[in-house]
Structure formats: structure tokens, C-alpha cells
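So the chains spell out like this:
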Amino acid sequence: MRVIVTGGAGFIGSAVIRHLIENTTSEVANLDKLTYAGNLESLASVETSPRYHFYQIDICDAQALDDAFCAFQPTAVMHLAAESHVDRSIDGPSDFIQTNIVGTYNLLEATRRYWNELPSDAKINFRFHHISTDEVYGDLDGTTELFTETTPYSPSSPYSASKASSDHLVRAWQRTYGLPVLLTNCSNNYGPYHFPEKLVPHVILNALAGKPLPVYGDGSQIRDWLYVEDHARALFEVACKGIVGETYNIGGHNEKRNLEVVESICDLLDELVPLALSNEGIRTYKELITFVKDRPGHDRRYAIDASKIERTLGWVPQETFETGLRKTVQWYLDNDQWWQRVLTGDYRLGRLGTDV
Ligand code: NAD
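Thresholds, definitions, all that
Residues numbered from 1 in each chain as written. Predicted model: local features only at pLDDT ≥ 70, side-chain atom pairs only at ≥ 80, totals over all residues. Heavy atoms only, no water. Helix = DSSP H or I, 4+ residues; strand = E, 2+ residues; numbered from the N terminus. Contact = heavy atoms within 4.5 Å. Salt bridge = Lys/Arg side-chain N within 4 Å of Asp/Glu carboxyl O. Buried < 20%, exposed > 50% of the residue type's maximum accessible area, 1.4 Å probe, protein only.

Caption draft 1: Quick look at unusual backbone geometry. Located in the positive-phi region is L34, a residue other than glycine, with phi close to 60°. Considering the arrangement of structural elements, one finds L34 in the loop between β2 (27-32) and β3 (52-56). Of note in this structure, H253 is not a glycine but carries a positive phi near 55°. With respect to the secondary-structure elements, H253 resides in the loop between β10 (247-250) and β11 (255-257).

Caption draft 2: Summary view of the environment of V203. Positionally, V203 belongs in helix α7 (residues 199-208). Separated by 85 residues in the primary sequence, V203 and L288 have C-alpha atoms spaced 9.8 Å apart. Apart from the residues within four sequence positions on either side, V203 is in contact with L213, V262 and I265.

Caption draft 3: Up close: the pattern of salt bridges. In this structure the tally under the stated criterion is 16 salt bridges. Across the pair R341 and E41 runs a salt bridge, and its minimum N-O distance is 2.7 Å. Linking R341 in helix α12 (residues 336-344) with E41 in the loop between β2 and β3, this pair joins segments that are 300 residues apart in sequence. The class for R341 is partly exposed, based on a relative accessible area of 30%. For E41, a relative accessible area of 26% translates into the label partly exposed. The shortest N-O distance in the salt bridge between K327 and E319 comes to 2.5 Å. Looking at K327, the relative accessible area reads 41%, which means it is partly exposed.

Printed below as a string of C-alpha cells:
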């Protein structure tokens, strides 16, 4: 495969690229604008591979997309580029509308222009894989209901509404133009190289710095947690074996209350980096937990029914929440250079290397 990955310098996109380079023979082009969330240092382990190419491109720039498609000649597109942080979408929705909706529209059109010119065999085998979120389904009241691929859309935040819009565009491009698309909607990811504004790394790094560990409301919101490397494997399975026009939900079978997640991280840190006795009287990291005003429109519970991808494509997550979280905490302990450079902003230096 010759795969264009959009947003490949982000958290999940970089895991997908590392998976493609390390475990497949695919040729990969990373198309990324390098917003604050893009970090090429997350790709250090694969950047010297002759199968890896980088194009610094905004997906809202149609000409730049045409040039990259023409230069790289992809057989598939995996579309992950997005504005992804719910709190930022509440503070300023504009970038979310621009990248997630207009950018996806631009990418669909660039793909269609390129795909229309392909010979018929290549046209049939081409895939456009759109990566989306379970947040498009809104939230669940009870404790047993699950999101399936046919759950009606009911997004709550500017972020999830913009992702829902992009999903509709992708499906319409298949119905109207016959573009061979695949969609996946996944639950909350966690793992290595996660930007520190998100819950899991934020808690790990605040705890290590002895800072408060903020928990929204009473911490009873429930999320399903998926280890990012399990997700990257699932995405490759879907891109290779998924049925055109189908949607696959991807989840980790790990429903946890936010407070439980924070407490589990504290337990791991208590074991791996015990607090010194002299430390201001604090004996466990849990004493740093601080409840803060809830986010407006905060969804109560997300839970994914991932049985379709398991049944039809044979994918199952390899990590439980316990094993995945332990690996994640250990990764942050072992890779302080990566996150120190994110916290100081130095990761944004020297980001102009590009193939075009
Ligand atoms: P991220 O914020 O870590 O990375 C996004 C990447 O997209 C960055 O590298 C950024 O530079 C790039 N980007 C942003 N705007 C761009 C533009 N206009 N042009 C080109 N590149 C641009 O996001 P993530 O957590 O890796 O999420 C990837 C995808 O998965 C997103 O579509 C997101 O909606 C979806 N998703 C994420 C989660 C999660 O838990 N992180 C869960 C479900 C779905």
C-alpha cells in the first residue's frame, strides 16, 4: 500500500505511522499542518525510513493537496487530521469548523479528483478511510446501553458536532460519487506520545510535579478507554480488509469513571515513584486530586459495542486498561525528554522540513 496519513504528527496518527513503518511494507506520506498538536518528535523512530515521507500541508489548501497526491500517488488515504480537544472547541469553535468540516471537504474533493483519473483496477482498490469518534453519538443514560454503528448521531460539543458533520460528508461522497470510503468511530485513546492537555498525560505530569490533579464535576463521567497501539492495528485492519461503505466502532472494553482513571494513575505512581517521606506531609498522589467546575454540556457516559470489527475482521484489543495504563505511565517515566520539550514548547522548533 501507498498510504497518505493526514494528521500523522498527532497522537493517533503518529501511532498509525509507526505501526505502518515497523510492521508492514507500506510506503507512507504524512500530510500534517503541524498545529500545536503536531509533533514530529513522535516519529523519531521511523523518520529515517526510506518508506516515510513528510509534507507540511494544511488540508484546507486544495492546491497543496493536489500536488501531494500527484507526487505520492497513494493507493489509500487514512484521514486523522483534526482539531481534537473538546475544551478548546468550547473556547473557540472556529478552527474546528475549518479543519474538521471544510478541511475534510477539501480532502474529499482532492481525493476525488485524483481517484477519477486512476485506471479502473486502481480505482476499485483505492480506499478513503475516515477516522472519527464515538462522541458523535452523544451520551448514554443507563449503565448497560452501548453505541452501535447504527446509533443515531446526537453530538453535544462543537468538537463532536464538527466530527459528525465530517462523517456525513464522507458518507455522502460515497453515495453521490462512488468514492470507496470506510469509517471508524472509536472511544478515548490513551498511550505513549499523548499531548499533555489530555486527561491521562495531564494527570501523570501534574502528579510528578506535585501539582493539583483536576477532575471535572464529581468525576463520575464514564468513558471507554482504548490503548492507542491497539487502535493503530485496528485502523490498518479496516483499511486493508474493511468493506467499502461500512462503519466500524472500535473500543477497548474498558469502561471507567474519570475519577477511577485518575486514582489508577495515582496508584501506579505510588508504586513506581513513591513519594519521599519528607514531602510536605503528602503520602499518596491521590491527595493531589482536586474537583473543579464541570465542563458545559459534559457527556455522562460513552460505551462502545465493538463486536462488529471483532466478528468480521478478527481484531481484538491486546491491552486491558490495567496493562495499557501501566505501559503508559512507565513510558512517561522513561521519556521525560519528549514531554519536557512539549511543556517548554521546544518541540515546535525546526518544523519546516518538507518533501514539497
Ligand atoms: P491530535 O490533536 O493529537 O492530532 C491532530 C493532528 O492533525 C496534529 O498533528 C495536527 O498538526 C494535525 N492537523 C490539525 N489541523 C490540520 C490541518 N488543517 N491540516 C493538516 N493537519 C492538521 O489528534 P488525535 O488525538 O491524534 O486524533 C486523531 C483523529 O482521531 C482525529 O480525527 C480525532 O477526531 C479522532 N479521535 C481521537 C480520539 C482520541 O481519544 N484522541 C478518539 C476518537 C477519535
